[in-house]
Each structure stands twice: as structure tokens, then as C-alpha cells.
Amino acid sequence: MRKIDAIIIGSGQGGMPLAKKLAKAGWQTAIIEKRLIGGTCINDGCTPTKSMISCAAAAYTIANSKEWGITVDSYRINLEKITDRKDKVVSKFRDGATKGLEETEGLSIIYGEAAFSGPETVTVRLHNNDETEEILTAKHIFINAGTSPKIPPIPGLDKVSYLTNTTLLDIKKLPSHLVIIGGSYIALEFGQMFRRLGSQVTLLEASAQLLKREDEDVAAAVRKVMETAGITVHTNANIHKVEQTGDTVRLSVASGGQTMAITGSHLLVATGRTPQTKALQPEKAGIALDEKGYIIVNDRLETSVTGIYAIGDIKGGPAFTHISYNDHFIVYKNLVEKGNASIKDRPVPYCMFTDPQLGRVGMTEKAAREAGFKVKVACLNYENVARAIETGHTEGFMKAVVDADTDKILGAAILGAEGGEVMSVVQMAISGGFTATQMHEMVFAHPLYAESLNNLFTTLKK
Ligand SMILES: Cc1cc2nc3c(=O)[nH]c(=O)nc-3n(C[C@H](O)[C@H](O)[C@H](O)COP(=O)(O)OP(=O)(O)OC[C@H]3O[C@@H](n4cnc5c(N)ncnc54)[C@H](O)[C@@H]3O)c2cc1C
Ligand SMILES: NC(=O)c1ccc[n+]([C@@H]2O[C@H](COP(=O)([O-])OP(=O)(O)OC[C@H]3O[C@@H](n4cnc5c(N)ncnc54)[C@H](O)[C@@H]3O)[C@@H](O)[C@H]2O)c1
């Protein structure tokens, strides 16, 4: 048994920087990874999808180039080149991350699957030829084991060759018809990407709207974007059965009072994520889980067992790279710098990388009203944004939710070109305590998308 100071299970977006920092602070540290350094974000999430989305955006621009006065007679999608490019970007990120860990003194990387064998002990089934085990013990253990695709219990689904966000990244042939179960971030990003590459796309969402956590007007505008692009959307979709018939997948779906058969060449399941806690055997350490298997933590990311912490998606809550990354600051500050950091009241910005993007921060209008705020809502269509008119990207709208009593900004949804960047400006305004009036009077450079925040907040004066 090897005794060290800290064990980190999983090399996700929180685990990697934490491992390096603890080692640099003089803690003997080991990071255990059962699959690929960099976790979901680098290998199956943000990096590969955003790389491929940029190719789809290029295809869209070429296909619509007439609008900008350029005639392109013909073009062809080369999926192999698109996936090669994506693989190169992923390798660059993963290799950089691996090198960073390898070059850190006092840090060892162990490739294998970790499971608890006691509150301070972890057994690793090593990924070597003879599958030997290594036992490690430490007073501090950090779980950054992430999530994997959740597969719903739809009759017949286990008998068809469905795809997940991981396997869809490496298909060799463009789907003629991609059917997607789900209507949230993964479904929408992949759906629009494949539509732009030339596939027919159908989205089947169980809830009454796409993006069920967003305001109705935002979700409706996103639906319009998808439908305008030629994507078929069924909400309130209840999938009764899935069957494989030769090369096609056939789904029996009830939606809008009728039952229909939908046949696709490919089926993507994008119905959320499930925590990778089972293999960890958390019960052997006495770590408490919630009913969905996520690790329960307090605002300092401490689990029910002293000395064991959970960071990133494995603790439930907002599942984003920047949240996992920020988690590492919380535990590091508290443990090494003896601070009092907490995740309470931390901003949770996010951006969905459809075109137009949906940048979101703070409260939705619905959440603000439910919380009892007297709400004012500012809205500005991208059709009235100077920069959008100049670039020809007029789809979408900006929306801000403002506390009518204090004039403080409670939240924003920016569905439009560079919506994520514009949202970040609003995020900084919220963090700095700026009021809607101050934003209306702020000097922004012309002609930026962000400049239109002046006009957005002016709409409150009318
Ligand atoms: C398709 C897709 C697109 C996304 N796009 C975005 C985006 O644009 N922006 C954004 O902010 N977020 C995005 N996300 C979410 C983001 O990827 C995650 O929130 C982020 O990766 C945080 O993950 P993590 O650090 O919690 O763990 P992960 O990155 O999931 O890492 C966990 C690691 O632990 C390892 N592991 C698990 N169990 C064990 C064990 N028992 N022993 C050893 N190792 C183990 C796993 O192999 C994995 O490498 C996307 C997700 C998906 C699926
Ligand atoms: N740009 C980004 O930041 C980004 C992009 C992709 C993913 N992510 C992260 O990845 C996580 C997972 O994304 P996701 O889109 O898979 O999950 P999600 O949890 O956001 O949404 C899953 C969707 O599937 C629907 N669904 C569930 N079961 C269904 C069924 N049987 N039939 C039809 N619909 C069903 C749900 O109603 C829901 O709308 C998200 O929580 C997000 O944090 C982020």
C-alpha cells in the first residue's frame, strides 16, 4: 500500500488543475484515470463538438454565400476530413494536458480504474497487461469522475445500434436521416451541425418545449431557428418502441395527439447524463449519494466523509466545464490557503453553441418571478442590432431580467450571433452590481454586438 497526501480520481476539468496545484504545494499526489486524460470536455464533449460545429458553420456560409454577393457553384462535404480535423484538435488538447501532468513534480499519473476500499483507501485496477492492482491511501481524496450518457428505458432501445455523443463523433458516413431523442444542448448542437452538413434531422423531446429549463419565449425562438433550418421538431414526444429494420431504425412515437412511425438511418440518444459512481464503490467509504447516484456535497464541496471531496459533474448540479474548473479553486483555497471559499451564489453562465448561440446567465424570467421579484424585462431583436445587420446575422433576440425595485440585473438570455460573448459582458455587469440604467448609459465601442446592450436596456424606459 502506497501512502500519499492526496488522491484524485478522474482527470476532468477540475481534477487536472487541482492535481498540479496540490503537487506544487508540496503534497505527494496521484491522479487516477481509467480512460483518457482530459475527461469528457476534451475527448467527447466541448472540444470535439465545437471543432465539428465550426466546420458545419463553414458549410452553412458557403451554402448561403449568395446572400453576401459571392457565388459558389458547388461544394462537397468531406466527413473524413472534418473528423480528422476534430481528432487533431482533440489530440492537441489531450497531449498538452498529459504533458502538463507528467511534468509536474510530486505528481504521479496512474492509468486504471479506481474504487474505494475504505474511507482513506482506494484500489486501482491498473491498465497494464496483467491487470494488477495498486492500493493507495491518503487523508485527502478528490472525486472528479464525471458522467456518461444516460440511456432511457425505451422498449427495444437496447436492441438497436443507437449512437451517443461519443460514438456519433466518429461515424464514417453522413447520416441520411439522423433521429435524435432529446431536445436540449447535445441534441440541438448535434442536430444543427448534421443538418448543416446535409442530413435530414428529427428531434424528439419528451417535454412541452425544447430546452425545458429556459423561458418559453427563448425556447420558442430556438425552435424557430431549428425549424427554419429544416429540422423537424416533435415536443411532448412519447417514444413507445424502437426497432432495427436492416440499416434503418424505426420509432413509434406519440406526439400532439397522434401516433406516428419515424424511420431514420441513425439514432442519437441525447437524454442527459448519469454519474459514474457505481464502479467507485462509494459505499465502502460511507459516501452519501442522492437518489440519482450523484455524490452529495455541501457548499465547500465536502462529501459526507471527512477528507473526501467531489468536484465537477459527479456532484450533480450545473454540468459545465467552467464549473468543474472553478470547483478546484474552492477546495484548493480552503485546504491549502486556509480560506473560506464556497460555491454558494457562484454565477453559472453557459453558452449553447448552436448558430445563433444562446448565452445565458443568472435567473430566467420565470425563476425571478417565482422567487418573488418584481420583474422588468428588456428585449431587443437582433434585427435591430447594427452589427447584426452589417454581418447578416439577424436571427434571435437579447433579453434581460431586471429587478424593478433596485434596477439591478438578475439575468440575461442572449440568443444571437456571439451570444456567449455578449452574455459575458452582462455577467460582468451583474458581478459588478451595475444597474440597468448604468448599462443603458455605458460607453461601448461601435459597432460591436455588445454595444447593443445600450439599446437593450433602453427598452425598459419606453
Ligand atoms: C457532447 C457534450 C458537449 C459539451 N459541451 C460543453 C460546452 O460547450 N461547454 C461546457 O461548459 N460544457 C460542455 N459539456 C459538459 C462538460 O463536458 C462537462 O461538464 C465537463 O467535462 C466536466 O466534467 P468533469 O470534470 O466533472 O468530469 P469528466 O470530464 O467527465 O472527467 C471524469 C474523468 O474521470 C474518469 N473516471 C471516472 N470514473 C473513474 C474511476 N472509477 N477511476 C478512474 N477514472 C475514472 C473518466 O474516465 C473521465 O476521464 C459538454 C458535454 C458533452 C457530453
Ligand atoms: N454548450 C454547452 O454548454 C453544452 C453542450 C452540450 C452538453 N452540455 C452539458 O451536457 C449535459 C447533458 O446534455 P443533454 O442535452 O444530454 O442533457 P439534458 O439533461 O440537458 O437534456 C436531456 C433532454 O432529454 C429529454 N429526454 C429525456 N428522456 C427522454 C425521452 N425518453 N424521450 C425524449 N426526450 C427525453 C429531456 O426532457 C431533456 O430535455 C448538460 O447538462 C449540459 O450541462 C453542455
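Residues numbered from 1 in each chain as written. Chains lettered and ligands numbered in written order. Predicted model: local features only at pLDDT ≥ 70, side-chain atom pairs only at ≥ 80, totals over all residues.

The name an unreviewed UniProt entry assigns to the protein is FAD-containing oxidoreductase, from the organism Chitinophaga tropicalis. Quoted straight from UniProt, the Sequence similarities (unreviewed entry) entry for the protein says "Belongs to the class-I pyridine nucleotide-disulfide oxidoreductase family." (UniProt positions renumbered as here; feature names shortened; annotations may be inferred.)

1. Structural notes on the domain arrangement of the protein
Here the protein is described as being made up of domain 1 (2-148 + 274-335), domain 2 (157-271) and domain 3 (350-461). Domain 2 puts 10 residues into the contact, and the matching count from domain 3 is 15 residues. Of all the secondary-structure elements, those providing two or more residues to the side of domain 2 that touches domain 3 are α5 (185-197) and α6 (216-228). Among the residues forming the side of domain 2 that touches domain 3, the class breakdown is six nonpolar, one polar and three charged. (Domains from an automatic or database assignment. Contact = placed C-beta atoms within 7 Å. Helix = DSSP H or I, 4+ residues; strand = E, 2+ residues; numbered from the N terminus. Nonpolar A, V, L, I, M, F, W, Y, C, P; charged D, E, K, R; others polar.)

2. Quick word on unusual backbone geometry
For the bond running from aspartate 355 to proline 356, omega is 5 degrees, close enough to zero to count as cis. With respect to the helices and strands, proline 356 occurs in the loop between β18 (350-352) and β19 (357-362). Even without being glycine, leucine 211 reaches a positive phi, approximately 45 degrees. Locating leucine 211 in the fold gives a position in the loop between β10 (200-204) and α6. What makes leucine 211 buried here is the crowd of 22 C-beta atoms within 10 Å. If you check the backbone angles, lysine 338 has positive phi at about 55 degrees while not being a glycine. As for its placement among the helices and strands, lysine 338 is situated in the loop between α7 (321-335) and β18. (Buried ≥ 20, exposed ≤ 12 C-beta atoms within 10 Å, placed from the backbone.)

3. Re the UniProt feature "binding site: NAD(+)" (unreviewed entry) in the protein
In this numbering, the UniProt entry assigns the feature "binding site: NAD(+)" (unreviewed entry) to Gly182, Gly183, Ser184, Tyr185, Ile186, Ala187, Leu188, Glu189, Glu205 and Gly272. These residues run over 91 residues, yet every pair of their C-alpha atoms falls within 14.2 Å of each other. With respect to the helices and strands, the residue glycine 182 is situated in the loop between β9 (177-181) and α5. In contact with glycine 182, other than residues within four places in its own chain, are Ala187, Glu205, Ala270 and Thr271. Assignment of secondary structure puts glycine 183 in the loop between β9 and α5. For glycine 183, a count of 28 C-beta atoms within 10 Å gives the class buried. Sequence-distant contacts of glycine 183, defined by excluding residues within four places in its chain, comprise Leu203, Glu205, Leu210 and Thr235.

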